[in-house]
Amino acid sequence: MTRAEMRKAAQKKGGKGGGGAGRRGPAGASAAAAGPGKKRFIDYPRFGKTGVRRWLPSWKQWLSGFLFVFSCFVGLVFYLYQTTEIPNMNELVKGQNTIYYWADGTEMTRKGQTNRQIVPLDDISPNLQNAVIAAENQSFRDDHGIDPKGMLRAVYNMAKGGETQGASTITQQYVKNAYLSQEQTISRKVREFFITLKVDQKLEKNEILKGYLNTSWFGRGANGAQAAAQAYYGINAKDLTVCQSAMLAGLLKGAAYYDPTNPANKERAEGRWSWILDQMVKTKAVTPEERAKCTEFPTPIPLKPSTNMNGEISYLVDTANKYVMQNDKTITQQVLDKGGLKIYTTFEKDKVDALKKAVDDVKAENLNPQKRPDNDTFIQFGSASIRPGDGAIVALYGGDGVENGHFDNNADATGVQVGSTFKPFVLATAMQVGVQTAKGDDGKPKRINADSRYLADDMSEIRKPDGSLVIGDDGKPYRQKNEDAGKRGYVSLRQAMQYSYNVPFVQLNQDVGGQNVADIAVQMGVKKDSLADPKTATFPLGTSTISPIRMATAYGTLAASGKEAEPYSVTKVEVSGVERPGFGKKEPKTALEPAVADNVTDVLVNVAAKGTGTKTLALGRPVAGKTGTTDQNKSAWWVGYTPQLVTSVAMWREDPNKHDRLSLNGTGGKASIHGGDIPTDVFTRYMAAALANEKKLDFPNPQPVGTEVDSSGAPSTATAAPTPTTADTPSAPPQTQQPTQPVQPPQPQPTQTCVPGVDCPGDQPTHTPTKKPGPTTTCLIPGLPSGCQTQQPTPTDTTTPGGGGKPGGGGGKPTTTPTGAPAAG
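### Concerning the packing of helix α5 (residues 126-136) against helix α13 (residues 266-282)
For the pair α5 and α13, interaxial distance at closest approach is 9 Å and the crossing angle is 100 degrees. By the angle between their axes, α5 is roughly perpendicular relative to α13. Together, Asn 127, Asn 130, Ala 131, Ala 134, Ala 135 and Glu 136 of α5 and Arg 272, Trp 275, Ile 276, Gln 279 and Met 280 of α13 make up the contact between the two elements. Here the residues of the contact of α5 with α13 sort into six nonpolar, three polar and two charged.

Shown next as structure tokens:
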């Protein structure tokens, strides 16, 4: 029955007398009442249908709904199109400054406004016009300014929170550059769509191209083709050649990635340059013969720095900009260069000035490029100073200044090996994770303390946790060098850190596992991508290339009793007067147990007081830290801290043209440079000024952690000499010798370490000779035949590079190798 028939039937039933009602009773009355009654405007839920069909719209309802929504959409589009106006470009492209502030709120510097010049299209070389069209939008002359697929893709990515993609037509990019903010929102994309339609209808293609070329960002702070031509080639835009134009057009894809001034970008920039030239041939903008003339990449002129970026300011701005872009993906380098931001930093002017003065004074006193041009040139320093437990970067030293041609930020350099400053990570891992050569009651690796003793003899063999020998690249058992060739016997890890012996820490790294050390270093603040391969035997000796900022961060974790605070350089950012979220101090994370961090600090206090960092004694306050020197003396480090401040200082020598690391041997007229020398001097001078008005604070008293777990072959505790502590009087490391040799007791001098394979030149320390203890008990490491036995030590020659490493089989007696035996393989 149709709906009308059903209504008539219900009316007839309702008109019958009481007989009908009597026969049907209440049910009949309910049925009559349930009739459709007056016709509804929208029959939904659908009358006369049961189950799911009652709730499914009919095809007429579907069609009606679609037409209604479509009409509303068309009306909305028409309304938005009619009400959207093209803003005044001259007003919108007015230069604005990005202003940077010191930590106290005073202005540090400002960027922007000066490097934009609006020029007619006739003053822009046709070569650049054609190169841009070939690279960015080959259908520009014929399209309607909109790429629907590109816009839908961008809207979809924004809706799901992914990274956005730029507009794909020149018209859309021009609208975004000239008329809109750089924020990535759906509302901005909608505005972009309608403004683009109007711009394409109202403006000629040449007007659009002129606007695009005058508002695009080319890097080097250059907005517009004229500014870019001056910044990269020192000429006017109308004089650009085909080859130069192709290079500039390549920058539009992202100057941060295609500016060849950065050596890391050069290959990428040349590849895109070549591709654009090929596209120009494809679009018939140039002939194959004209393209063939571009045989050499048009290298830009050196960057001309702004005078308000002199000194350390450019490096401070660079650090702040990187932090801003990392924390807010909508703020790009182009946004920063366009201006209109206020960036409040953590940098303290007095500390920045004090750090620069410390470096400048030490350089003036030690370096003389005129007298020693082959040794005192190309010397680089990088430094960072951070508040432990907070993460605020209060000062940094990035180089000699852009006014002197130094543009790289050395405080964030990641190509300099850190040397023995890496050893505290190995010790922290042994205390936190434990050694695999001994098991606790729970069956896990046994956690050890700084009194644990390891063999420190030069040229010792290194063993894996299962007792097998580590094999070098030459296929022979690997032997580890110390800097000096003496036989030190078994020393505590505290003492090994004090004198920076290599052998104990290379063996300890095997015992705890290199990957565990890498994991702990990352937890403490080191970037994973700056670490060397943890499987290599030399990993614990600092073959990783960690920046001064990140080394200060990691040591700050020790100063803060195990709390790792991410470094930050910006506390607040305002864009066009609106504060952006996500800046400032982050909540610290627990990287180490407090007892572990405090015990490592206690060991490093001993290094500063009696080991390789004794220059810091001039501060007259508790200091902890570690020196580092690397292969062939190519870098020297000191990373140190007090409870209030942690500072890293790196020194290296680098040819700016080849970017090759050079040896520091001979620098300052010295045979070699160690971390305990010039870098520690810089640290001490800076910290004296930076902490002049702060109280002298002690480090926390370390609580016990782990147990003494000696390496195989160590003398029994009952017969071994006590391990020095920070409260002990200075004493020399043990050195075995012939019993009849006379005793000479000079004060020991700090030594430094080198990566195995190269013996760093320089004066070697003298040590107070001692005699080996009497008969001792030697226990074999896991994986070798079990059992302990008593043995009588045999005198050895202290001038011979010893091999002896860990005892194997049934003997624990050191062996000797011929003088001049090769270093580790």
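### Observations concerning the packing of aromatic side chains
By the definition in use, this model includes 11 aromatic pairs. Centroid distance Trp 273 to Phe 297: 5.4 Å. Interplanar angle 85 degrees. Geometry classified as edge-to-face. Pair noted here: Trp 273 is in helix α13 and Phe 297 is in the loop between α14 (288-292) and α15 (313-327), with a separation of 24 residues, a long-range link. Both residues of the pair, Trp 273 and Phe 297, count as buried. On the basis of an interplanar angle of 65 degrees and a centroid distance of 5.8 Å, the ring pair of Trp 638 and Phe 683 is categorised as edge-to-face. In this pair, Trp 638 sits in strand β17 (residues 635-641) while Phe 683 sits in helix α24 (residues 678-690), placing the two residues 45 residues apart along the sequence. Aromatic rings pair up to connect Phe 422, Phe 425, Phe 539, Tyr 555, Tyr 641 and Phe 699 into one cluster. We note Arg 272 situated over the ring of Tyr 258; from NZ or CZ to the ring centre the distance is 5.7 Å. For the cation-ring pair, Lys 572 lies above Tyr 344, with the distance from its terminal atom to the ring centre recorded as 4.6 Å.

### Examining the nonpolar core
Among the nonpolar cores identified, the biggest contains 119 residues, and Phe 422, Phe 425, Leu 508 and Tyr 686 are the most heavily contacted of them. Broken down by element, this core gets its largest block of residues, nine residues, from helix α23 (residues 594-610). Once you skip the residues sitting within four places of it in the chain, Leu 508 turns out to touch Val 426, Leu 427, Ala 430, Val 435, Ile 448, Tyr 454 and Leu 493. Counting 50 residues, the second largest nonpolar core, distinct from the first, contains Val 132, Ala 228, Val 242 and Met 280.

### Looking at the pattern of salt bridges
Applying the stated criterion to the full structure yields 32 salt bridges. Among the ionic pairs, Arg 453 bridges to Glu 708, the shortest N-O distance being 3.4 Å. Placement of the pair is Arg 453 in strand β8 (residues 453-455) and Glu 708 in the loop between α24 and β20 (776-779), with a sequence separation of 255 residues. Overall, Arg 453 belongs to the buried group, its relative accessible area being 4%. A salt bridge links Asp 681 to Arg 685, with the shortest nitrogen-to-oxygen separation between them at 3.1 Å. Remark: Arg 685 and Asp 681 occur in helix α24; sequence separation between them is four residues, near one turn of the helix.

### Digging into a nonpolar patch on the surface
A cluster of nonpolar side chains, namely Trp 59, Leu 63, Phe 66, Leu 67, Phe 70, Phe 73 and Val 74, defines an oily patch on the protein surface of about 780 Å² accessible area. Considering the arrangement of structural elements, one finds Trp 59 in helix α3 (residues 59-83).

### Side note on the pairing of strand β5 (residues 393-397)
Note on strand geometry: in a regular strand, side chains alternate between the two faces of the sheet. The buried fraction of β5 amounts to five of the five residues, a majority that puts the element mostly inside the structure. Bridge count for strand β4 (residues 379-386) against β5 is four bridges, and the pairing is antiparallel. Residue pairing in the sheet places Ser 385 in a bridge with Ala 395 of β5. Counted between consecutive antiparallel strands, the loop separating β4 from β5 contains six residues, among which Gly 389 sits at a positive phi close to 80 degrees.

Conventions used here
Residues numbered from 1 in each chain as written. Predicted model: local features only at pLDDT ≥ 70, side-chain atom pairs only at ≥ 80, totals over all residues. Heavy atoms only, no water. Axes fitted to C-alpha atoms, helices over the stretch in contact; angles between N-to-C directions. Helix = DSSP H or I, 4+ residues; strand = E, 2+ residues; numbered from the N terminus. Parallel < 35°, antiparallel > 145°, perpendicular 65-115°, else oblique. Contact = heavy atoms within 4.5 Å. Nonpolar A, V, L, I, M, F, W, Y, C, P; charged D, E, K, R; others polar. Phe/Tyr/Trp six-rings, centres within 6.5 Å; stacked < 30°, edge-to-face > 60°. Buried < 20%, exposed > 50% of the residue type's maximum accessible area, 1.4 Å probe, protein only. Lys NZ or Arg CZ within 6 Å of the ring centre and 35° of its normal. Core = buried A, V, L, I, M, F, W, Y, C linked by side-chain atoms within 4.5 Å. Salt bridge = Lys/Arg side-chain N within 4 Å of Asp/Glu carboxyl O. Patch = residues over 30% accessible without salt bridge, like charges linked within 9 Å, V, L, I, M, F, W, Y side chains within 5 Å. Areas by Shrake-Rupley, 256 points an atom, 1.4 Å probe, with all protein chains shown as cover. Pairing = 2+ DSSP bridges.

Just geometry here; none of it tells us what the structure is for.
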